[in-house]
Amino acid sequence: MTTLLQQIVNGLSLGSIYALIALGYTMVYGVLRLINFAHGDVYMVGAYVGYYLSRKLAGREPSFVSAFVVMLGAMAACAVLGLVIERLAYRPVRRASRLTLLITAIGVSLFLENGGQLVFGPDPKFFPSLAPHFDFHVAGVRLTSEQITVIGVSFLLMVLLRFFIMKTRTGKAMRAVSFNLDAAKLMGISTDGIIAVTFALGSALAAAGGVLIGMQIPKIDPLMGIIYGLKAFVAAVLGGIGNVPGAVLGGLLIGISEVMVVGYLSSTYRDAIAFGILILVLLLRPQGILGRVQKEKV
Amino acid sequence: MKGFLLAVAVVAVLFAANALFTGALGAGLAMSPYLLQVICLAGINIILAVSLNLINGFTGQFSIGHAGFMAIGAYTSAYMTVNFGDRVQSVLSFLPSAARDGAVLLISLAAGALLAAIAGFFVGVPSLRLRGDYLAIVTLGFGEIIRVFILNIDAVGGARGFSGIPKIASFFWIYLFAALSIVVVYRIVHSSFGRTLIAIREDEIAAEAMGVDTTRSKVISFVVSSAMAGTGGGLFGHYLMYLHTNSFTFLKSIEIIIMIVIGGLGSITGSVVGAVLYISLTEGLREFAQYRMVLFSLMLVIIMIVRPQGILGHREVASFLTRRRRLPTVPSAPL
C-alpha cells in the first residue's frame, strides 16, 4: 500500500511537468489548430537556459530566491523564443494547408534539436541543485522537497493561467480566437497579437517545466524535448486538445500511468505506454476526456 | 510486349552495371566501396520515399511511422534468412550460388513484405479513420511501439542488435526493387483506383459523396505502402548485414518525409529526386556533420514557406520536358 502511494506521489510530480508542457500544446492548438511539434524543444531550451543561469548563480547557497530567479529567466527567454518561432516560421504559412503547417512545425522542431546539439553540445549536462534539499515522511511515503516544489509550482502556474484566461481581457480575447478566429477578427480583436501572446505563454510554461525537470531529474540533453514533448502531447489529447483543465488532467494521468508501468511491469515499456494510451483514446474517445465533439462542416 | 522488353532491358542494364561496379569486369573499373554503398543506400531510400509518397503524397494521409514498417520487413526477412536460409540453399543446391542467394533473398523479402503488409493493415484500419494531425501522431505512436516491441524480442537480438545476416542484397537487387516500386506506384496512380486515391487527397468528403469507399481505399494504399517499406527494410538488413532498432526511430521516418517533401508530395520522380538529393547532401556534407541537420531543418521550413508543394509539386520530370501538365494542379485542400 505504501509502495502504491509512493508511486502515485512520484507519478504526480512527473505528471505535473507533463501537464505544464501539455498546456502549451493545448493553447496553441486552441487558437491555431496546429500541433506545435517544436513545443517539446522549447521546453528543452528552457531547461538549458535554466542550467546556464544557475551556473551563473553558482557559488551561492542553494536558496528558493535563486531558484525563483532562474525560473523567471528561463520563462522570459523561452517566451521570446516562442514569439520568434511564431513570427518567422508559423505566421508565413498560417493560411496554407494543415499539412504545410505540420511539416513546418516538424522542421522547426528538428532545427531546435540540432541547433541545440550545436550550441549546447551533444553530451548531457547535469543541473546543479537550486533549492535546499530535505525529505518529508508522511505515512511511510517519502516526499522530497523537489517533488513538493515541482507539484506546488506547477499548480500555482496552472491556477495563474486559469485566472489569466478566465478573468483578463487578453484571456477573453484568447478564448474568442480559439472559438472562431475569423469572427474574433471581425469583432476587432488583434488576432495576430493574441496568437503571439498564446505562443509566449505556452513557451514560458514549457520553460518552467524544463527548469522543474532539471530540479527533479538533473540530467538534461538537447534531444530530451522529443520524448517529453510527445508524452505531453498525448496528455493534451487524452484530456481533450484545446481544453485547459483537460491538459492538466491528461498530464497527471500520463505521469501516474508511466510510473506504474515502470514500477510494476518493465522500464523498457516506459515510452510505449503513452502511445498505447494515445491510440486507445483516439479510437474510443477521440475528443478526449473533457473535450467536446466538433461537428465537421463542409 | 513493349513493357516486357523494357523490363528485360532494365534487368540487363542493372545486371551489367552491378558487374561493372563490383569489379567483375576488371578491378580497374570497379567503383570505390564507399561510393557503391552510398548508391545502394540511395536505392533503398528511393524505395522508401516512393512508397511513402503513395500514402502521403497521392492519398493525402500524412503518416510519420514509415520506419516502423521498414523495421518489421528488415527484421522478418533477416530472421528468415538466418534461420531458414541454409535449408533453401540445400534444396536448391543444383543452382549456381548467386542464384541460390537470390532465391533466399526473394523468399525472405516476400516474408518481410507480407508481415509489414499485415502490420500495415492492423495499424491502418483503426488509424485511417482519423485525419490530419491525429493520423500523423497515431502513426508516429505505432512506429515507436513497433520499435519498442522489436527491442524486446530476444530472438532477433533485442538491444544487442541483429548481426550475422549474409550480404546477399547487392546493387542489382536494390535497384531492381527500386524500379519495381516505381512501376507499382506509377501503375496504381494511373489506374482508376489511383484516381480514387487522388480524389481522397483533394477532398475526402467530396470523394465519399461521389461513392468512393474512402476507408477501404486508404487502407489498401496504406497496406501496399507498408509492404514496400518492408521490402526496403529487408534489403537494408541484407545489405548492411546488421540491424539495430536505433536505425528505425522516429527520425528515420522524418528523413523519408524530408525526401518526399523536398521532391514534391504526389510526384514519383520527385521522390526519386528527393531521395537522391537527400543522400547526396548528407554524404557530401559529412565533414560538416553537426551542421547538416540544422541545414536540412531550415531547408524544410523555407521550402514550406516559399514552395510548399516541393521542387516538382504534383508534376513529374517528364511533364516539364514535354511542356504538358500531367494532372491539373489543384491547390491542396486543408486536411
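Note that the structure is a prediction, hence the values are computed from the model and not measured. (Residues numbered from 1 in each chain as written. Chains lettered and ligands numbered in written order. Predicted model: local features only at pLDDT ≥ 70, side-chain atom pairs only at ≥ 80, totals over all residues.)

**Q** Please explain unusual backbone geometry as it appears in this structure.
**A** Note: most residues except glycine have negative phi, and most peptide bonds are trans. The backbone of Arg33 of chain A sits at a positive phi, close to 55°, despite the residue not being glycine. Within the fold, Arg33 of chain A resides in the loop between α1 (2–32) and α2 (39–56). Exposure remark for Arg33 of chain A: the 16 C-beta atoms within 10 Å place this residue in the partly exposed category. Here the phi dihedral of Met241 of chain B falls at roughly 65°; this positive angle occurs in a residue that is not glycine. Its place among the elements puts Met241 of chain B in the loop between α9 (214–240) and β2 (242–243). Exposure remark for Met241 of chain B: the 15 C-beta atoms within 10 Å place this residue in the partly exposed category. (Helix = DSSP H or I, 4+ residues; strand = E, 2+ residues; numbered from the N terminus. Buried ≥ 20, exposed ≤ 12 C-beta atoms within 10 Å, placed from the backbone.)

**Q** What is the right way to look at the domain arrangement of chain B in this model?
**A** When the parts come together, some accessible area is lost, and that loss is often what is quoted as the size of the interface. Residues and elements named next belong to chain B. When its domains are assigned, chain B resolves into domain 1 (1–31) and domain 2 (34–249). Domain 1 and domain 2 are separated by 25 Å when their C-alpha centres are compared. In this complex, domain 1 contributes eight residues to the contact, which on the side of domain 2 involves eight residues. Considered class by class, the residues forming the side of domain 1 that touches domain 2 number seven nonpolar, one polar and no charged. (Domains from an automatic or database assignment. Contact = placed C-beta atoms within 7 Å. Nonpolar A, V, L, I, M, F, W, Y, C, P; charged D, E, K, R; others polar.)

**Q** Is there a simple way to explain the interface of chain B and chain A in this structure?
**A** With 33 residues of chain B at the interface, the matching set in chain A holds 34 residues. For the side of chain B that touches chain A, the element with the highest residue contribution is helix α5 (residues 132–151) of chain B, accounting for 11 residues. Looking at the side of chain B that touches chain A residue by residue, the class counts come to 25 nonpolar, six polar and two charged.

**Q** I would appreciate a short explanation of the pairing of strand β3 (residues 141–144) of chain A in the present structure.
**A** Side-chain direction in a regular strand flips from residue to residue, so the side chains alternate between the two faces of the sheet. All names here are of chain A. Judged from the four bridges that link them, strand β2 (residues 135–138) and β3 form a sheet pairing that is antiparallel. Counterpart to Asp135 in the pairing with β3 is Thr144. Adjacent in sequence and paired antiparallel, β2 and β3 are bridged by two residues, among which Ala139 carries a positive phi angle near 50°. (Pairing = 2+ DSSP bridges.)

**Q** What is the right way to read the packing of α1 of chain A against helix α5 (residues 145–167) of chain A from this model?
**A** Angle between the axes and distance between the axes: these two values describe a pair of packed helices. Residue and element names in this part refer to chain A. In the contact formed by α1 and α5, the axes pass within 9 Å of each other and the chain directions differ by 35°. The interaxial crossing formed by α1 with α5 has left-handed handedness. Within the contact between the two elements, α1 uses Val9, Leu12, Ser13, Ser16, Ile17, Ala19, Leu20 and Leu23 and α5 uses Gln147, Val150, Ile151, Ser154, Phe155, Leu157, Met158 and Leu161. A class-by-class count of the residues in the contact of α1 with α5 yields 12 nonpolar, four polar and no charged. (Axes fitted to C-alpha atoms, helices over the stretch in contact; angles between N-to-C directions. Left-handed = near helix turned anticlockwise from the far one by under 90°.)

**Q** Explain the packing of helix α2 (residues 33–58) of chain B against α9 of chain B here, please?
**A** All names here are of chain B. Put simply, α2 and α9 touch, their axes get as near as 8 Å, and they point 170° apart. Comparing the axis directions of α2 and α9 gives the class roughly antiparallel. Between α2, through Cys40, Ile44, Ile47, Leu48, Ser51, Leu52, Leu54 and Ile55, and α9, the contact on the second element is made entirely by Ser221, Phe222, Val224, Ser225, Met228, Ala229, Thr231, Gly232, Leu235, Phe236 and Tyr239. Here the residues of the contact of α2 with α9 are counted per class, giving 14 nonpolar, five polar and no charged. (Parallel < 35°, antiparallel > 145°, perpendicular 65-115°, else oblique.)

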